[in-house]
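Given next are the chains, with one letter for each unit.
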Amino acid sequence: MKRRPGIGACALLTCLLAGCGGGGAESFLDAQAMAQLREVVSKEQPRLPDGFTIRPEQAWRMPFGQADRNCRAVLEPAGGQAPGQALTAQAAVSYLGDGLGEQAGVGLARYANQEAEEHLDALSQAMRNCREVHTSSGTDMLLHELPIEQAVQQAADDAVGARFSGRLNGYPYALDVVLARVGDTLVSVVHTGMNDVDTERTRKVVEAAISMVNA
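1. What about the overall build of the chain?
Thinking step 1. Counting secondary structure elements, the chain contains 6 helices and 7 strands.
Thinking step 2. Along its sequence from the N terminus, the chain presents helices and strands in the succession α-α-α-β-β-α-β-β-α-β-β-β-α.
Thinking step 3. By sequence separation, contacts in the chain at least 24 residues apart represent 66% of the contacts at least 6 residues apart.

2. Side note on the pairing of strand β6 (residues 171-182)
Thinking step 1. For β6, the buried fraction is high: 10 of the 12 residues fall into the buried class.
Thinking step 2. Relative to β6, strand β5 (residues 158-168) runs antiparallel, the two being bridged by 11 bridges. Note on β6: the bridge partner recorded for Leu168 is Tyr171.
Thinking step 3. As consecutive antiparallel partners, β5 and β6 are separated by 2 residues, and within that stretch Asn169 has a phi angle of approximately 50°, a positive value.
Thinking step 4. Hairpin connection between β6 and strand β7 (residues 185-194): a loop of 2 residues separates the two successive antiparallel strands, and Gly183 in this loop has a positive phi of roughly 60°.

3. Here's the deal with the side chain of Gln45
Thinking step 1. Here Gln45 lies in the loop between α2 (31-42) and α3 (69-75).
Thinking step 2. Among the polar contacts listed, one links the side chain of Gln45 to the backbone oxygen of Val40, at a separation of 3.5 Å.
Thinking step 3. For Gln45, the contacting residues outside a window of four places in its chain are Val40, Ile54, Tyr95 and Met212.

4. Points about the side chain of Arg181
Thinking step 1. Structurally, the position occupied by Arg181 is in strand β6.
Thinking step 2. The class for Arg181 is buried, based on a relative accessible area of 15%.
Thinking step 3. Apart from the residues within four sequence positions on either side, Arg181 is in contact with Ala116, Glu117, Leu120, Ala156, Asp157 and Asp158.

5. Focus on the environment of Gly99
Thinking step 1. Within the fold, Gly99 resides in the loop between β1 (87-96) and β2 (103-111).
Thinking step 2. Residue class for Gly99 comes out partly exposed when judged on its relative accessible area of 30%.
Thinking step 3. Taking the C-alpha atoms as reference, Gly99 lies 9.9 Å from Asp198; in sequence the two are 99 residues apart.

So, how was this worked out
Residues numbered from 1 in each chain as written. Predicted model: local features only at pLDDT ≥ 70, side-chain atom pairs only at ≥ 80, totals over all residues. Heavy atoms only, no water. Helix = DSSP H or I, 4+ residues; strand = E, 2+ residues; numbered from the N terminus. Contact = heavy atoms within 4.5 Å. Buried < 20%, exposed > 50% of the residue type's maximum accessible area, 1.4 Å probe, protein only. Pairing = 2+ DSSP bridges. Polar contact = N/O pair within 3.5 Å; in protein donor to acceptor, adjacent residues only side chain to side chain.

These figures capture arrangement, not role.
Following this line, the structure appears as structure tokens:
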């Protein structure tokens, strides 16, 4: 699916990358919605692929801190740092897999006033602008296309994905990131592993994350 964000999405991307919108007049946290999301992500998730722990761990943390601002914008929502404009609730957890360095991070963020769609447009643009992650510690990763939109389009209203692959602190590393919208909720998923990441397992993790929205 080709996405063509308009002027509103471009303006939102500028605000997103500048770090604004986290506590503005149009942003408020709904205590009841927060409690609901936290309850959802705290449950065991039997829908995850075989080999993943079903008990959630703390939110996933981005393994490199010096990434390009576009790359950070794409990855931060899975760790519980979703865009703040019109945000009403968010929660994030992670699950350990049985593969070498395998981990899945899931972030759910709920928005008012159809802002979830605008945020996904802006994040899609940021994903296109994210080319590589390079740090002095031996991290050198390139962004590649991840053809996962059609695989999850029946479960989500819209979705985009990408794969980072290369080296993390000198070691082979790969990371799939998928951003999807289900109604008023932004679903953010990362799936990591040393050497490689299985796309089919990524799809199943995304489907499990999407199922949390309607749980």
